[in-house]
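Structural overview
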Amino acid sequence: MTNLTDTRLIPVPRWNDFHAWPPQGGLRHLIFHAETNGFASAFKRVGRRVLVDEAEFFRCVNTGNQEAAS
């Protein structure tokens, strides 16, 4: 479980203010397919708003890379 002081929740439209990758369209694609691509834990929904748990997002990226290398 992630401690809330260790992470930052970023609204999808503001993602590219902090990170160049993935672009907003790519991020929305990951959100749409989150249940099947391993990124479900990185997105938090509050009503209609989707927030990206920054630390968890990059953990999911690293986990995917490790699985692909195996």
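Just above sits the structure.
As the structure is a computational prediction, the values presented were derived from the model and not from experiment.

Okay, the overall build of the protein next. The helix and strand tally for the protein stands at 4 helices and 3 strands. In the protein, the succession of α and β elements from N to C terminus is β-α-α-α-β-β-α. Overall size of the protein, expressed as C-alpha extent along the three principal axes, is 35 × 30 × 25 Å. Taken across its 70 residues, the protein has 31% of its residues classed as buried. Long-range pairs, those at least 24 residues apart, make up 43% of the contacts in the protein between residues at least 6 apart in sequence. A total of about 5,000 Å² of accessible surface is found on the protein, and carbon and sulfur atoms cover 54% of it. Here the protein holds 8 positive side-chain charges and 7 negative ones, and the gap between their average locations is 9 Å.

This part is about the pattern of salt bridges. Inspection of the entire model under this criterion finds 3 salt bridges. As a salt-bridge pair, Arg8 and Glu54 come within 2.9 Å of each other at their nearest N and O atoms. Within this pair, whereas Arg8 is found in the segment before strand S1 (9-11), its partner Glu54 is found in helix H4 (residues 54-69), the two being separated by 46 residues in sequence. Residue Arg8 is classed as partly exposed on the basis of its relative accessible area, which comes to 36%. Here Glu56 and Arg59 are joined by a salt bridge, their closest N and O atoms 2.7 Å apart. Taken together, the residues span about one helical turn, with Glu56 and Arg59 both in helix H4 at a distance of 3 residues. Classification of Glu56 as buried rests on a relative accessible area of 16%.

What counts and how
All residue numbers refer to positions counted from 1 along the written sequence of the respective chain. The predicted origin of the model limits local features to residues at a pLDDT of at least 70 and limits the giving and counting of side-chain atom pairs to 80 or more, whereas totals for whole chains, interfaces and linings rest on all residues. Side-chain metrics in this entry use all non-hydrogen atoms of the structure; hydrogen atoms and water are not considered. Strands are runs of DSSP state E lasting at least two residues, helices are runs of H or I lasting at least four, and both sets are numbered from the N terminus onward. Partly exposed residues are those whose accessible area sits between 20% and 50% of the maximum for their type, while under 20% is buried and over 50% is exposed, using a 1.4 Å probe and protein chains only. Contact definition: two residues touch when any of their heavy atoms are within 4.5 Å. In short, Shrake-Rupley with a 1.4 Å probe defines the accessible areas, and a residue's cover is counted only from the protein chains shown. The positive count covers Lys and Arg only, the negative count covers Asp and Glu only, and His and the chain ends enter neither. A charge is said to be at NZ when it belongs to Lys, at CZ for Arg, at CG for Asp and at CD for Glu. Whenever Lys or Arg places a side-chain nitrogen within 4 Å of a carboxyl oxygen from Asp or Glu, that contact is recorded as a salt bridge.

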